[in-house]
Amino acid sequence: MGTGGCADYVSGVEGTIRASAAGKVILLGEHSVVYGRPAIAAPLSGLRATVTLTPHPGPLHIQAPAVGIDAPLPDLPSDQPLARIILLTAEHYRFSPPRAVLRIESQIPVASGLGSGAAVSTAIVRALAAWYGVRPEPGQVSALVYEVEKIYHGTPSGIDNTVIAYEQPVYFVRGRSPEPFSPRFPLPLLIADSGVSSPTREVVGDLRRRWETDPTHYAALFDRIAAEVEAARRAIEAGDPPELGMRMNRNHELLREIGVSSPVLDRLVEAARRAGALGAKLSGAGWGGNVIALVDPLAAEEIERALREAGARNVWRTDVGTGVSKTGRVADHG
Ligand code: PMV
C-alpha cells in the first residue's frame, strides 16, 4: 500500500486551509467483510467532501450547512461525530482545536453507501493536521476515522475509512493490511442512487441478530460471497469484464439471501441487467442506497436511461482505473 502523506489533498492560501477526501464504492463483499471475509472497494475521486479552515477569533466554529450545524465546538456534544473526530485528532496530535471556522461542504450524498461520513471525517483530519503543519500517513488518518465510523456504524469492518484514507482501490480483509488491486482494464461503472436512505447501522445490526440465531447458515453464505470476491479479484487482474460482471450478479443474489436487498434495489439491478449491463448489484449496506452496474462504455447511456426509468434519483459514472484512481472521473449526469 502506498504510504505517501496527504499533501495532494490539502491546499492553503493566506492562512486558510482547504482539504478534501473522496467518496467510495464497495465493488463486492459488503456485510460478509464485517465477519472477516474479503471485500473490494474503490475511491470515487471525483465526488468529494471538502473542509475549509479560516482563521477566526474565539473557539473553533463548525459550519455544516447540509446537516444544519452552525455552532461553536464547545456547544456540540462530545459524541457528535463531527465533534468527535475534531477532538480525537486534536488529542492525537496534542494540540488545541484552532481558532478558526471549520466549514464542511460535500458532493457525496448522505446515507447512501458512498462513504460520506468517512470522507467528511478524513477531510477534517487532513485539514486540522495541515493547520498544525503535520503530514499524517494514510494509516494514521484511517485509524482516527475508524473511531468515528463506530458511532455511525456500530461494528464497522473498517473498509470505508481504509479506502478513503488511502484513496486507492483495495482488497480488504478486516485486521490485515489493505492490499491495493491493479485492474488490467478500467472498470466503467454506473452508480445509481435509489433515493432511499440506507441506515447502515440498522442493516448491519439486523443482520447480526439473524446471524446470532443461525450462525452456520450465515457463515455458509458469507463463505460463498468470499468465493465470489476472490473470483472477482482474479477477473479484475486478468482483465475479464464478463467474468467480473457475473461475479457481481452472483454477489447480489447472495446479498438478497442474507436479507439486505429490497424491492427498489432489485428493480434497479434488473433494469441495468436488462439494458445490457455486464453485472449489477447493490453496493454498501443495502435496503436503500446505491446499485452499481459494470457496463460496456458503448452501452452506458442506454443503461443509465434504463436506471432512471426504473426510478434512480441520480446516476453517476466513474471509471475505476488502474492503480491509483485519482484519474477516476465521476460525472453527475443528473
Ligand atoms: O457504509 P456503507 O453503507 O457503504 O456500508 C458499509 C459496508 C458494510 O459492509 C455493510 C459494513 C462495514 O462496516 O463494512
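My aim in this report is to walk through the structure given alongside it, one point at a time.

Cut-off values and rules
Within every chain, residues take consecutive numbers counted from 1 along the sequence as written. Only residues with pLDDT of at least 70 are given local features in this predicted model, and only at 80 or more are side-chain atom pairs given and counted; all residues enter the totals for whole chains, interfaces and linings. Excluding hydrogens and water, the side-chain values take into account all heavy atoms of the structure. Under the DSSP-based scheme used, a helix requires at least four consecutive residues in state H or I and a strand at least two consecutive residues in state E, with every element numbered from the N terminus. Throughout, exposure labels follow a simple rule: accessible area from a 1.4 Å probe, protein chains only, divided by the maximum for the residue type, with under 20% read as buried, over 50% as exposed, and the rest as partly exposed. Here, residues are in contact when the closest pair of their heavy atoms is within 4.5 Å. Put simply, a residue is near a molecule or strand once any heavy atom of it comes within 4 Å of that molecule or strand. Pairs of N or O atoms within 3.5 Å make up the polar contacts considered here, provided that, within protein, one atom can donate a hydrogen while the other can accept it, and that residues adjacent in sequence are counted only when both atoms are side-chain atoms. Per-residue accessibility takes into account occlusion by the displayed protein chains alone, with areas from the Shrake-Rupley method and a 1.4 Å probe. Gly falls in the polar group here, along with every residue not listed as nonpolar (Ala, Val, Leu, Ile, Met, Phe, Trp, Tyr, Cys, Pro) or charged (Asp, Glu, Lys, Arg). Note that the domain bounds reflect an automated or database-derived domain assignment. The span one expects for a helix is its residue count, reduced by one, times 1.5 Å. Here, any two strands with at least 2 DSSP bridges between them count as paired. Salt bridges are defined as contacts in which a side-chain nitrogen from Lys or Arg sits within 4 Å of a carboxyl oxygen from Asp or Glu.

## With respect to the environment of L278
Move 1: By the secondary structure assignment, L278 is in the loop between α8 (263-274) and β10 (279-283).
Move 2: By relative accessible area, L278 is classed as partly exposed at 30%.
Move 3: Apart from the residues within four sequence positions on either side, L278 is in contact with P241, G245, M246, N249, L294, V295 and D296.

## Looking at the site of the ligand
Move 1: In the vicinity of the ligand there are 16 residues, among which K24, H31, S157, D160 and T200 approach most closely.
Move 2: Here an oxygen atom of the ligand and a backbone polar atom of G113 are 3.4 Å apart.
Move 3: Here an oxygen atom of the ligand sits 2.9 Å away from a polar atom, N or O, in the side chain of T200.
Move 4: In isolation the ligand offers 370 Å² of accessible surface; the protein chains occlude 97% of this area.
Move 5: Among the secondary structure elements, those contributing two or more residues to the shell around the ligand are β2 (16-28), α4 (159-166) and α5 (200-213).
Move 6: Grouping the amino acids of the shell around the ligand by side-chain chemistry returns seven nonpolar, six polar and three charged.
Move 7: Among the domains, domain 1 (15-180 + 324-332) and domain 2 (187-320) are the pair contributing at least three residues each to the shell around the ligand.

## Here we look at α5
Move 1: Helix length check: α5, at 14 residues, gives a terminal C-alpha distance of 20 Å against a target of 20 Å (1.5 Å per residue), a fit within 8%.
Move 2: Looking only at α5, the buried set comprises T200, V203, V204, G205 and L207.
Move 3: Of the surrounding elements, those touching the buried residues of α5 are α3 (138-153) and α6 (215-238).

## What about the pairing of strand β11 (residues 290-294)?
Move 1: β11 sits mainly inside the fold: five of its five residues count as buried.
Move 2: Relative to β11, strand β9 (residues 187-193) is paired through five bridges, and the arrangement is antiparallel. The residue of β11 that forms the bridge with I191 is I292.
Move 3: Note: β10 against β11, five bridges, orientation antiparallel. Within β11, the position partnered with A280 by the bridge is A293.
Move 4: Here β10 folds back onto β11, and the loop between the two strands holds six residues, one of which, G284, carries a positive phi near 95°.

## Focus on the pattern of salt bridges
Move 1: Applying the stated criterion across every chain, the model contains 16 salt bridges.
Move 2: Between R210 and D206 there is a salt bridge; the shortest N-O distance is 2.9 Å. In this pair, R210 and D206 are both assigned in helix α5, four residues apart and thus about one turn of the helix distant.
Move 3: A salt bridge links E228 to R247, with the shortest nitrogen-to-oxygen separation between them at 3.0 Å. Of this pair, E228 sits in helix α6 while R247 sits in helix α7 (residues 241-257), placing them 19 residues apart in sequence. Each of the two residues, E228 as well as R247, counts as buried.
Move 4: Linked through salt bridges whose partners overlap, the residues forming this network are E228, E243, R247 and R250.

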